[in-house]
Amino acid sequence: GAQRVVDIITSRAQVTSLLLNHSALHDDGCEVLFEFLCSEIGRRHNIMEIHLGSTQMGDRGLRALCRYLNGNTTLLNLALPNNAFTNNTELVSTFTDAINKSRVCMLALSSNSQLTDGFFIPFLSALMTPQLQCLLLAAVGLTELSVPALIDYISSPRSRALTELSLNSNNIPHTSVVQFLEAVRKHNYRLTRCELYANFESNLTPEAREHWRADQRFIQKLLSRNLLLSRQVHREAVWLLKHARPVLLGRTVDGSNSPRLPIELLVHILSYLSPSLSEAQCARVCNYAGDRSTLP
Amino acid sequence: MPTIVSVDDSTVPGEGSSRLLLLVSSDNKHIVVEEDIMSRSRFISKQVEGFEATSQRHAILLPFSSFVLNKVIEYCSHYRGYYLLEDDPDAAPPGRSPVREWDQEFLDVDRNMLLRIIKAAHYLEIKSLVGSCARAIADMIRGKTTEEMREILGVENDFTPEEEHSPSSKCTG
């Protein structure tokens, strides 16, 4: 089957998406596929999306994928739901390292219930790709043991691009959910979509059910806050850029009456035009605005 | 760097609870001011520390006019004894200065004067005054055209006529 896929790719001028869900590639097929994609001919195709859901990919297949991912600059979306790889410590480390060295923006590992905390604790602890925007971890057997690693990840700059996180259908208890939400409240202003549905048993007491409802309401408030802030930051960054361009791309002069202001004062003045931006954000916008090479 | 000249003790009578400093403006006006008042300026504080190390009193020459210097002294006098977070060297950077009603009235001056005050405050390292001036100037340029902003801030167009007509430079407007 894998050789047939390779033949089809070879016969086409350009292939950008590989949607191979439910294709029973197994480890052997994955190895053939990724060996080809790593070859000179395979690399001619700028593959941006790979879906390998329910292919029964095991550890050997995942290792082959890691070799392909390492340093890959074209792949953006990677979906590996419902496969057979295990939480082998060395393999987790290799996989995380490969993700960190790639430009993957969307990673789906959902429905790999065999992985559990043994995979996700080291994975989340070492995950630091600045590109990752969407992480789907539904039904992967997460328990309260993974929550500290998860909290550490979403609280740190390692997750600075992450806007979407799915944690549905895991086994995260209410107390851990509360800790997670508190961490989002205090430290995370990027997530705009976060799902925590079906993390409870079906025979909940009315009181426990009300707790979950309260959690859902709380997370919706946090996500609304983040969405509002991200829109505000975007709007103010553009506003600042509009004002900063003519000021910072010019040359300050000593007029007959007006004194020449140093660049740091000009930047400080401009920062008052966008009060929602942090100093670091202002500095980044002003650096960009004052760089002629960024003009379109 | 400021020029420091030695002065006689009689020029600076600094024997009270708050010693006196002699500040000399660029138009050669000598202004005597209490050290306490100017302690908000980190630049002046560092100079005073230097005097104590050498056990000699000096006049501090400043590169701005007496008119501007008097405005800065007026600001420092008003906030004498006040704690302003922006001026605390040990506090974490507070970000942008808050709006203070008195500052708004104090800075109700013409554009050139405002630019001179912010430059002097920057030189003297009075962060609260720099912040208040920056806020006032930002309000002046908000929503202005490219030319108006450049005029207010004393910025000259740095594009050649050829660049001015290229698609890239139009993005600055």
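Here the residue index of a chain counts from 1 through its sequence in written order. For this description, chains carry letters from A and ligands carry numbers from 1, given in the order in which they are written. Local features in this predicted model are restricted to residues whose pLDDT is 70 or higher, and side-chain atom pairs enter the listing and the counts only when it is 80 or higher, whereas totals over whole chains, interfaces and linings include all residues. Computation of side-chain values: all heavy atoms of the structure, hydrogens and water removed.

Going by the annotation in an unreviewed UniProt entry, the name recorded for chain B is E3 ubiquitin ligase complex SCF subunit sconC, with Artomyces pyxidatus given as the source organism.

Before going further, it helps to spend a moment on the overall build of chain A. Only DSSP runs of H or I with at least four residues qualify as helices, and only runs of E with at least two residues qualify as strands; both kinds are numbered from the N terminus onward. Tallying secondary structure elements over chain A gives 11 helices and eight strands in all. For the C-alpha atoms alone, the extent of chain A along its principal axes is close to 80 × 60 × 30 Å. Each residue is placed in one exposure class: buried if its accessible area under a 1.4 Å probe, protein chains only, is under 20% of its type's maximum, exposed if it is over 50%, and partly exposed if it falls in between. Buried residues in chain A amount to 48% of all 296 residues. Element-wise, carbon and sulfur atoms account for 53% of the exposed surface of chain A, whose accessible area totals about 13,900 Å². Once the 28 positive and 25 negative side-chain charges of chain A are each reduced to a mean point, those two points are 9 Å apart. Every accessible area reported is derived by Shrake-Rupley at a probe size of 1.4 Å, with residue values counting cover from the shown protein chains alone. Charge convention: Lys and Arg are scored as positive, Asp and Glu as negative, and His as well as the terminal groups of each chain are ignored. The atoms used to mark charge sites are NZ of Lys, CZ of Arg, CG of Asp and CD of Glu.

Turning to the overall build of chain B, a few remarks are in order. Each helix and strand in chain B was counted, giving nine helices and five strands. Sequence-ordered secondary structure for chain B, helices as α and strands as β, is β-β-β-α-α-β-α-α-α-α-α-β-α-α. A total of 173 residues make up chain B; the buried ones form 44% of that total. Only heavy atoms enter the contact rule, under which two residues are in contact if any of them lie within 4.5 Å. Across chain B, every contact between residues at least 6 apart in sequence was considered, and the portion connecting residues at least 24 apart equals 62%.

Turning next to the environment of A:Ala149. All names here are of chain A. Its place among the elements puts Ala149 in helix α7 (residues 147–155). Ala149 gets classed as buried once you look at its relative accessible area, which sits at 11%. For Ala149 and Ser125, which are 24 residues apart along the polypeptide, the C-alpha to C-alpha distance reads 5.6 Å. Apart from residues lying up to four places away in sequence, Ala149 is in contact with Ile121, Leu124 and Ser125.

Let's shift gears to the domain arrangement of chain A. Interface size is commonly expressed as the accessible area that is lost once the parts come together. Residue and element names in this part refer to chain A. Domain boundaries assigned for chain A yield domain 1 (2–231) and domain 2 (232–294). Segmentation into domains, and thus their bounds, comes from an automatic or database assignment. Placing a centre on the C-alpha atoms of domain 1 and another on those of domain 2 gives a separation of 39 Å. Each partner contributes to the interface: domain 1 provides four residues, whereas domain 2 provides four residues. Throughout, buried area stands for the accessible area (probe radius 1.4 Å) lost by two parts on being put together, summed over both. In this assembly, domain 1 packs against domain 2 so that about 270 Å² is buried in total across both faces, 39% of it on carbon and sulfur atoms.

What follows deals with the packing of aromatic side chains. Residues and elements named next belong to chain B. In this analysis, rings of Phe, Tyr and Trp, with Trp reduced to its six-membered ring, are considered paired at centre separations within 6.5 Å, and the interplanar angle assigns stacked below 30 degrees, edge-to-face beyond 60, and tilted for intermediate values. Applying the stated criterion to the full structure yields 15 aromatic pairs over all chains. Ring geometry for Tyr75 and Phe106: centres 5.8 Å apart, planes at 40 degrees, overall tilted. One end of the pair, Tyr75, is in helix α3 (residues 66–78); the other, Phe106, is in helix α4 (residues 101–106), and 31 residues separate them in sequence. For the pair Tyr75 and Phe106, one class covers both residues: buried. Taking the ring centre of Phe106 as reference, the NZ or CZ of Lys71 above it sits at 4.2 Å. Looking at Arg100, its charged tip hangs above the ring of Tyr79, at a distance of 5.6 Å from the centre. Ring-over charges, as used throughout, are those where CZ of Arg or NZ of Lys falls within 6 Å of the ring centre and within 35 degrees of the ring normal.

This paragraph deals with the interface of chain B and chain A. Contacts between chain B and chain A engage 33 residues on the former and 36 residues on the latter. The largest share of the area that chain B buries against chain A comes from B:Arg96, B:Glu156 and B:Asp158, three residues that together contribute 21% of it. In the sections that follow, a salt bridge refers to a side-chain nitrogen of Lys or Arg positioned within 4 Å of a carboxyl oxygen of Asp or Glu. Summed over the shared surface of chain B and chain A, the number is zero salt bridges. Nitrogen and oxygen atoms within 3.5 Å of one another constitute a polar contact, given that in protein one can donate a hydrogen and the other can accept it, and given that sequence-neighbouring residues count only through two side-chain atoms. Between chain B and chain A we count five residue pairs in polar contact (both at pLDDT 80 or more) in total. At the level of elements, α5 (111–124), α6 (127–141), α7 (146–153) and β5 (155–156) of chain B are the ones that each hand at least two residues to the side of chain B that touches chain A. Considering only residue class, the side of chain B that touches chain A consists of 12 nonpolar, 10 polar and 11 charged. Only Asp, Glu, Lys and Arg are considered charged, only Ala, Val, Leu, Ile, Met, Phe, Trp, Tyr, Cys and Pro nonpolar, and every remaining residue, Gly among them, polar.

A word on the pairing of strand β3 (residues 30–34) of chain B. Residues and elements named next belong to chain B. Burial along β3 is one-sided: the face carrying Ile31 and Val33 is buried and the face carrying His30, Val32 and Glu34 is not. As paired strands, strand β2 (residues 20–24) and β3 are joined by five bridges and run antiparallel to one another. Looking at β3, one finds that Leu22 is bridged to Val32. Pairing between strands is defined by DSSP: at least two bridges between the two strands are required. Between β2 and β3, which pair antiparallel in sequence order, lie five residues; one of them, Asn28, sits at a positive phi of approximately 65 degrees.

All names here are of chain A. At a closest axis distance of 9 Å, the pairing of α7 and helix α8 (residues 174–187) adopts a crossing angle of 10 degrees. When the axes of α7 and α8 are compared, the pair comes out roughly parallel. For the pair α7 and α8, the contacting residues are Val147, Leu150, Ile151, Ile154 and Ser155 in the first and Ser176, Gln179, Phe180, Ala183, Val184 and His187 in the second. Comment: axis = line fitted to C-alpha atoms, over the contacting stretch for helices; angle = value between 0 and 180 degrees taken between N-to-C directions. Should an angle fall under 35 degrees it is taken as roughly parallel, and over 145 as roughly antiparallel, whereas 65 to 115 is taken as roughly perpendicular and any remaining angle as oblique.

Turning our attention to unusual backbone geometry. Even without being a glycine, A:Ala139 presents a positive backbone phi close to 55 degrees. Using a relative accessible area of 24% as the deciding quantity, one classes A:Ala139 as partly exposed. Phi is positive for B:Glu125, which is not a glycine, with a value near 55 degrees. Locating B:Glu125 in the fold gives a position in the loop between α5 and α6.

Moving on to the confidence of the model for chain B. All names here are of chain B. pLDDT is a residue-level measure of predictor confidence that goes from 0 to 100. For chain B, mean pLDDT is 81; residues scoring 70 or higher make up 76% of the total. Per-element confidence in chain B is highest for α3, whose mean pLDDT is 95, and lowest for strand β1 (residues 4–6), whose mean pLDDT is 43. In this model, residues 1–16 is a region of pLDDT below 50 whose contacts with residues beyond four sequence positions or in other chains number 33 contacts.

Remark: nonpolar core denotes a set of buried residues (Ala, Val, Leu, Ile, Met, Phe, Trp, Tyr, Cys) joined through side-chain atoms within 4.5 Å. Counting 70 residues, the largest nonpolar core has A:Phe123, A:Leu135 and A:Phe180 as the members making the most contacts within it. For this core, the elements supplying multiple residues, two or more each, are α1 (2–11), α2 (26–38), α4 (59–69), α5 (89–100), α6 (116–126), α7, α8 and α9 (206–248) of chain A. If you look at the next biggest cluster of nonpolar residues, it comprises 60 residues, including B:Leu62, B:Leu84, B:Leu114 and B:Ile118.

Residues and elements named next belong to chain A. A pair of cysteine sulfur atoms is labelled a disulfide when the two atoms are within 2.5 Å. All told, the structure shown has zero disulfides over all chains when counted by the stated rule. Summary of cysteine pairing: Cys134 is not part of a disulfide, and the nearest cysteine sulfur, belonging to Cys105, is at 9.6 Å. The structure places no disulfide on Cys286, whose sulfur is separated from the nearest cysteine sulfur, that of Cys282, by 6.0 Å. Look at Cys286 and you get buried, because its relative accessible area is 5%.

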